[in-house]
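Chain residues, written in single-letter form:
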Amino acid sequence: MKKISIGPETIFGGYEEIHKEGTLEWWLRDKDIKGNYVFLNCPCVSGMYEKYDFSLIEDENCKIVINDAMEGSSLLPQEIKTFTLYLQVCGIDPKRVLLITQNYNYAYDNFPFQVVHWNLMESFARVRAKEWIDYDDNAKKFLCLNRWPTPHKLEFMKRMEGILDHFNYSLPNKPYDKEDMGGGLYWDFPEHKKKSLLYIVTETFLACHLRDVSEKTWRPIALQMPFIIVGQPYALRRLRDIGYRTFHSIWDESYDTITDPNERMNAIVNLVLELNSRTDFRDMIDSCRNIVEHNFAMLKMRRPEENMLNEFRI
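Note that the structure is a prediction, hence the values are computed from the model and not measured.

Let's shift gears to the overall build of the chain. If you tally the helices and strands in the chain, you get 12 helices and 9 strands. When each of the 314 residues of the chain is scored for burial, the buried share is 54%.

Let's shift gears to the environment of Tyr 104. Its location among the elements puts Tyr 104 in the loop between β4 (97-101) and β5 (114-117). On the basis of relative accessibility, which here comes to 26%, the residue Tyr 104 falls in the partly exposed class.

Counted under the stated rule, the structure contains 11 aromatic pairs. Measuring from ring centre to ring centre gives 5.4 Å for Phe 83 and Phe 113, while their planes differ by 80°; the resulting arrangement is edge-to-face. Within this pair, whereas Phe 83 is found in helix α3 (residues 77-89), its partner Phe 113 is found in the loop between β4 and β5, the two being separated by 30 residues in sequence. With centroids separated by 6.3 Å and ring planes inclined at 90°, the aromatic side chains of Trp 132 and Tyr 135 adopt a geometry described as edge-to-face. On the accessibility criterion, Tyr 135 (12% relative accessible area) is buried. Of the aromatic side chains, those joined through ring pairs into one cluster are Phe 83, Phe 111 and Phe 113.

This part takes up the pattern of salt bridges. Tallied over the entire structure, the rule returns 10 salt bridges. With its nearest N and O atoms 3.2 Å apart, the salt bridge here joins Asp 212 to Arg 238. You can see Asp 212 sitting in the loop between β8 (196-202) and α7 (215-223) and its partner Arg 238 sitting in helix α8 (residues 235-241), a full 26 residues away along the chain. The buried category is assigned to Asp 212, whose relative accessible area is 7%. The buried category is assigned to Arg 238, whose relative accessible area is 15%. Each member of the salt-bridge network shares a partner with another, and the members are Glu 215, Lys 216 and Arg 219.

The subject of this paragraph is the nonpolar core. Residues Phe 156, Phe 167, Leu 198, Trp 218, Trp 251 and Val 272 are the most contacted members of the largest nonpolar core, which totals 76 residues. Counting 23 residues, the second largest nonpolar core, distinct from the first, contains Met 48, Ile 57, Ile 80 and Ile 92.

What follows concerns the sheet that holds strand β6 (residues 140-144). One open sheet holds the 4 strands; their spatial order is β7-β6-β8-β9, and the pairing between them is parallel. At either margin of the open sheet sits one strand with a lone partner, and together these are β7 (167-169) and β9 (227-230). Here the average twist between neighbouring strands, direction ignored, is 25°. Two elements, β6 and β8, share 3 bridges in a ladder whose sense is parallel. Within β8, the residue paired with Lys 140 across the bridge is Ser 196. Strands β8 and β9 of the sheet are contacted by α7, whose axis makes an angle of about 160° with β8.

A few words now on the confidence of the model for the chain. Per-residue confidence for the chain gives a mean pLDDT of 84; residues scoring 70 or more make up 83%. Segment residues 8-18: pLDDT under 50, and 24 contacts once partners within four positions in sequence are set aside and those in other chains are kept. The low-confidence segment residues 179-185, where pLDDT is below 50, has 16 contacts with residues more than four positions distant or belonging to other chains.

If you check helix α11 (residues 289-301), its first and last C-alpha atoms are 18 Å apart, about what 13 residues at 1.5 Å a residue would give, namely 18 Å. Within α11, burial applies to Ile 291, Val 292, Asn 295, Phe 296, Met 298 and Leu 299. The arc that holds the buried residues of α11, viewed along the axis, is 160°, so those residues lie on one side. The exposed residues of α11 that point more than 90 degrees off its buried face are Asn 290 and Met 301.

Quick notes on the rules
Residues numbered from 1 in each chain as written. Predicted model: local features only at pLDDT ≥ 70, side-chain atom pairs only at ≥ 80, totals over all residues. Heavy atoms only, no water. Helix = DSSP H or I, 4+ residues; strand = E, 2+ residues; numbered from the N terminus. Buried < 20%, exposed > 50% of the residue type's maximum accessible area, 1.4 Å probe, protein only. Phe/Tyr/Trp six-rings, centres within 6.5 Å; stacked < 30°, edge-to-face > 60°. Salt bridge = Lys/Arg side-chain N within 4 Å of Asp/Glu carboxyl O. Core = buried A, V, L, I, M, F, W, Y, C linked by side-chain atoms within 4.5 Å. Pairing = 2+ DSSP bridges. Axes fitted to C-alpha atoms, helices over the stretch in contact; angles between N-to-C directions. Contact = heavy atoms within 4.5 Å. pLDDT = per-residue confidence, 0-100. Expected span 1.5 Å × (residues − 1). Arc of directions from axis to C-beta.

Set out below in structure tokens:
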């Protein structure tokens with residue numbers, strides 16, 4: 001296999017060897033692959049592809065493989081149209097392009113280029129996951145990390161102001177421990193599990209219906225922690241569809257089916273306030289152990305990268 005990279009070394013920015021699992025080359029390292037490929041590691045094709053000059057690709061027969069599997073583009077019709085036009089302006093036949101994306105939910109079937117789904121961050125979490133870590137006796141009730149501000153994250157934290165003494169949390173002007181270290185490999189820091197009981201995941205989007213869950217949701221699964229997701233609707237149902245368990249037997253998860261983002265936010269805020277008022281909070285968290293252990297076992301068993309790897313097998 002001849003490989004040429006025209007993007008960053010990894011989708012994480014290429015800073016350290018620890019990020020190697022973010023490269024396609026790492027996942028393909030043991031595969032017997034024939035043919036020539038150009039690899040582009042790109043965290044979000046929708047917003048970044050014009051940074052790379054595809055016209056510099058001299059091999060007219062090579063396959064162009066774009067790794068969009070970390071964040072995942074929304075792949076809305078207009079985005080597909082403009083991306084395809086850009087390829088054509090660069091002299092690239094869209095049929096030569098293989099887009100590996102985190103987006104699993106499409107409103108249409110036919111693309112002018114090949115599309116393969118892979119949530120890289122589920123695979124990454126499996127590689128990084130730690131075995132069981134006990135909670136500290138003085139662990140706080142909630143963990144909520146918000147290093148990158150978006151309106152729904154800021155709104156949620158604003159509405160938690162009355163109970164923040166029960167939180168380990170971060171905001172742009174308030175780092176929490178090692179959460180702001182370069183690269184953000186949060187599951188490498190087990191003190192997050194030791195010092196907090198319930199992980200409140202503030203996902204990338206609140207209103208979007210297209211994206212798969214991000215690394216933010218895989219963190220508590222890799223840490224064997226119960227979680228609530230402040231994110232797009234049906235995220236919990238998606239997890240259950242692929243074999244994971246959620247916590248509807250222990251608290252109300254009806255927020256997951258509320259499509260209006262404001263109503264869903266209200267339901268989540270009310271849920272957190274209700275849980276905070278429970279006098280049996282620690283016992284409630286202990287009752288989650290079978291679920292979090294099941295999720296950890298599922299994480300270690302699943303191989304979501306197989307769809308992607310099959311495209312390179314002889």
